[in-house]
Structures are given as structure tokens and as C-alpha cells.
Amino acid sequence: MTEPTPPRELLTDLLAQQWETIATLVADLDEKAWRRPSPLPGWTLFDVVAHVIGTESWLLGRTPPAHDPLRPKTDVRTLPHVRNEVAVLNEIWVDRLRPLSGKRLLALFDEVTELRRAALAAMTDEEWEAPTVSPVGQVAYGRFMRVRLFDCWMHELDLADGIGRSVDEGGARAEAAFTELTLGLGRAVVKGAKAPDGSRITLDLTGPVTRQVHLAVEGGRGSVLDEADGEPTTVIRLDSGLFARLRGGRQSAATHPGKVVVEGDAALGDRLVQNLAFTI
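Residues numbered from 1 in each chain as written. Predicted model: local features only at pLDDT ≥ 70, side-chain atom pairs only at ≥ 80, totals over all residues. Heavy atoms only, no water.

Draft legend 1. Representation of the domain arrangement of the protein chain within the structure. Along its sequence, the protein chain is carved into domain 1 (8-164) and domain 2 (184-274). For domain 1 versus domain 2, the separation of C-alpha centres amounts to 29 Å. On the domain 2 side, the residues contacting the eight residues of domain 1 number five residues. Carbon and sulfur atoms make up 56% of the area that domain 1 and domain 2 hide from each other, which totals about 530 Å². (Domains from an automatic or database assignment. Contact = heavy atoms within 4.5 Å. Buried area = accessible area lost by both parts, 1.4 Å probe.)

Draft legend 2. Summary view of the packing of aromatic side chains. This model, assessed by the stated rule, comprises six aromatic pairs. Between Trp153 and Phe178, the ring centres sit 5.7 Å apart and the planes meet at 70°, which makes this aromatic pair edge-to-face. Here Trp153, found in helix 7 (residues 141-163), pairs with Phe178, found in helix 8 (residues 172-183); they are 25 residues apart in sequence, far enough to count as distant. Judged by its relative accessible area of 0%, Phe178 is buried. (Phe/Tyr/Trp six-rings, centres within 6.5 Å; stacked < 30°, edge-to-face > 60°. Helix = DSSP H or I, 4+ residues; strand = E, 2+ residues; numbered from the N terminus. Buried < 20%, exposed > 50% of the residue type's maximum accessible area, 1.4 Å probe, protein only.)

Draft legend 3. Seen up close, the side chain of Glu180. Looking at where Glu180 falls in the secondary structure, it is placed in helix 8. Look past the residues within four positions of Glu180 in its chain and what remains in contact with it is Arg143, Arg146, Val147, Phe150 and Phe278.

Draft legend 4. Geometry of empty space enclosed by the protein. Enumeration over the complete set of coordinates arrives at one cavity of 30 Å³ or more. In this structure, the largest cavity encloses a volume near 40 Å³. Looking at the largest cavity, the residues that line it are Arg200, Ile201, Thr202, His214, Leu215, Leu225, Ala228, Asp229, Gly230 and Pro232. Going through the elements one at a time, strand 3 (200-206) and strand 4 (210-218) are the ones with two or more residues in the lining of the largest cavity. Grouping the constituent residues of the lining of the largest cavity by class yields five nonpolar, three polar and two charged. (1 Å grid on protein atoms, 1.4 Å probe; cavity = no way out; pocket = protein on both sides within 12 Å on 5 of 7 lines; lining within 4 Å. Points joined across faces, edges and corners; volume = space filled by probe spheres on them. Nonpolar A, V, L, I, M, F, W, Y, C, P; charged D, E, K, R; others polar.)

Draft legend 5. Spotlight on the pairing of strand 4. The pairing of strand 3 with strand 4 spans seven bridges and is classified as antiparallel. The partner of Leu203 across the bridge, within strand 4, is Val213. Counting the residues in the hairpin turn of strand 3 and strand 4 gives three residues, including Gly207, whose phi is positive at 120°. Inspection of the sheet shows strand 4 paired to strand 5 (residues 221-225) by five bridges, in the antiparallel sense. Opposite Val217, over in strand 5, you have Gly222 as the bridge partner. Hairpin connection of strand 4 to strand 5: two residues between the antiparallel strands, including Gly219 at a positive phi of 60°. (Pairing = 2+ DSSP bridges.)

Draft legend 6. Quick look at unusual backbone geometry. For the peptide bond that leads from Gly207 to Pro208, omega is 5°, which places it in the cis range. Its place among the elements puts Pro208 in the loop between strand 3 and strand 4.

Draft legend 7. View of the sheet that holds strand 4. With respect to topology, five strands assemble into an open sheet ordered 5-4-3-6-7, the strand pairing being mixed. Two strands lie at the open edges of the sheet, namely strand 5 and strand 7 (261-264), each paired on one side alone. Direction aside, neighbouring strands of the sheet carry axes that sit 20° apart on average. Sitting on the sheet, helix 8 touches strand 3, strand 4 and strand 5, and the angle it makes with strand 4 is about 15°. (Axes fitted to C-alpha atoms, helices over the stretch in contact; angles between N-to-C directions.)

What follows is the structure, encoded as C-alpha cells:
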């Protein structure tokens, strides 16, 4: 069954809230704080915000600023954390924006996201449903925007962790982001955890996003079930914030002893926990 495209008005509102939340989170950073490392390899807090600007600018049809000839030129393809062409484009935007001050970057962030709000609000239903190339393949533009919400929500966590602040990790934005976080878990179960046919795994997320995700393996393929179809082989219990960071490749379970509880087939559960990451 084809998943319905997320409603335009709702998702546009959630994206606007997400951008405002990011802007508020970094509003009081001084120039030194902007250059603190983030949880992402090779990126500072400044770079995380620059990346969001770059992606939203690209969606507006903009191209990266010209390279400043007075700065050494970086071959972004040689950077160890750059693994594909999407990462190359991301890195070019980040590199070209680095000469800006944090204050100017935040002003540019506000400018670009306001333009994106207006562009989304002006879209027709046909444009929202139109097939579009995205990081998850060719999907409706509206689905792509949920991926954008997920990406920006994850970067809110990156910024908060880098600054050392707690943020509200629940609510409607988090719920939408978790839909993207859980969709591809079938692949992690088979490719990463090597779960055998007949396996049934339940991920019990204890909050602030509370949900149970039921996974099954049949015929060498893993899938996410709408509801459990039998007793689970393994139950993995952890809070949603840690799950998001594990799934996003930001942290490892080894640095959070006692925070992940595995019941049933412990070896299978441990393999899955160690292989949750699908992005970085």
C-alpha cells in the first residue's frame, strides 16, 4: 500500500516551527561558541546551521557562493566524512559559508527559511504531490519535506548536544521525524543484525516519543509491521532520544551503559542495537 503524502499545511507549519526552534537555540551564541564541535564529524555548530541553510537554499534554486580566492581551497571529496555526491554538495555549501560571522549566518538562516516558508505556502496540491528526487528516492514532494523536517529535527539535537543544553524532544515535530527514523528498520534487522527468518523484534521506546515498533523477518527480508503478529524473539527497550542518536549514527550504546535493555534473544538484540545507524 502506498503511504499517503503528509498534509501540506501541517508539514509546512511543523517546518516553520522547527526552523524557529533552531534559530532560538543558537541566538545567544558568541563567535567562539559558534565554532565549538558538534556531534557530526568535521562540523562545528556553525557548520550544522550552514548545512541547513545550504539545503534550503538549494531548494530555492540557489547555488553556493563563489569561493573566496584569499582562502585556501578545500577538496571536499577528500574529507573522511564525505562519502557520496549529496555529502559533496553539503560540504561545498558549508565551506563557502564558513567565512561569515555567526551573527551574519543566523541572519542568513532567518532570510532563507522565511523564503522557504513562503514558497511552501504558495505551492499547489499538484506540486506537493509531484514526484521528486530526494534522499529516499523518488517520492512525492510532500514526503521529501517530511525528510527535511526529520533532518532539521536531528540537527536541533546535534546543536543542543554540542551546546550542552536540553531541549524538548517530544511533540508533533518529533513524531513526524520518528516516522522517517523507523521506516527503514527492516533493512537494519536483516543487513546489520543478521536476524534469521522467523525473527520478531519489538523496539519499545519509552519516551518522550512513546511507541512500539514491531519488526519481522521472512524470506530474508525485514519489514515494519503495523502491529505484532506473535510473541517477539527479542524486545529492545530504550528512550526515544537515545534511539534517535543511535539511528542517526551520533552515539553508540556502549557510551550509555544500562540505558538499553534487551530481553529474549540478547545476541540478536545487541547486534541490532550496534547496527541501527543509517545516516550521519
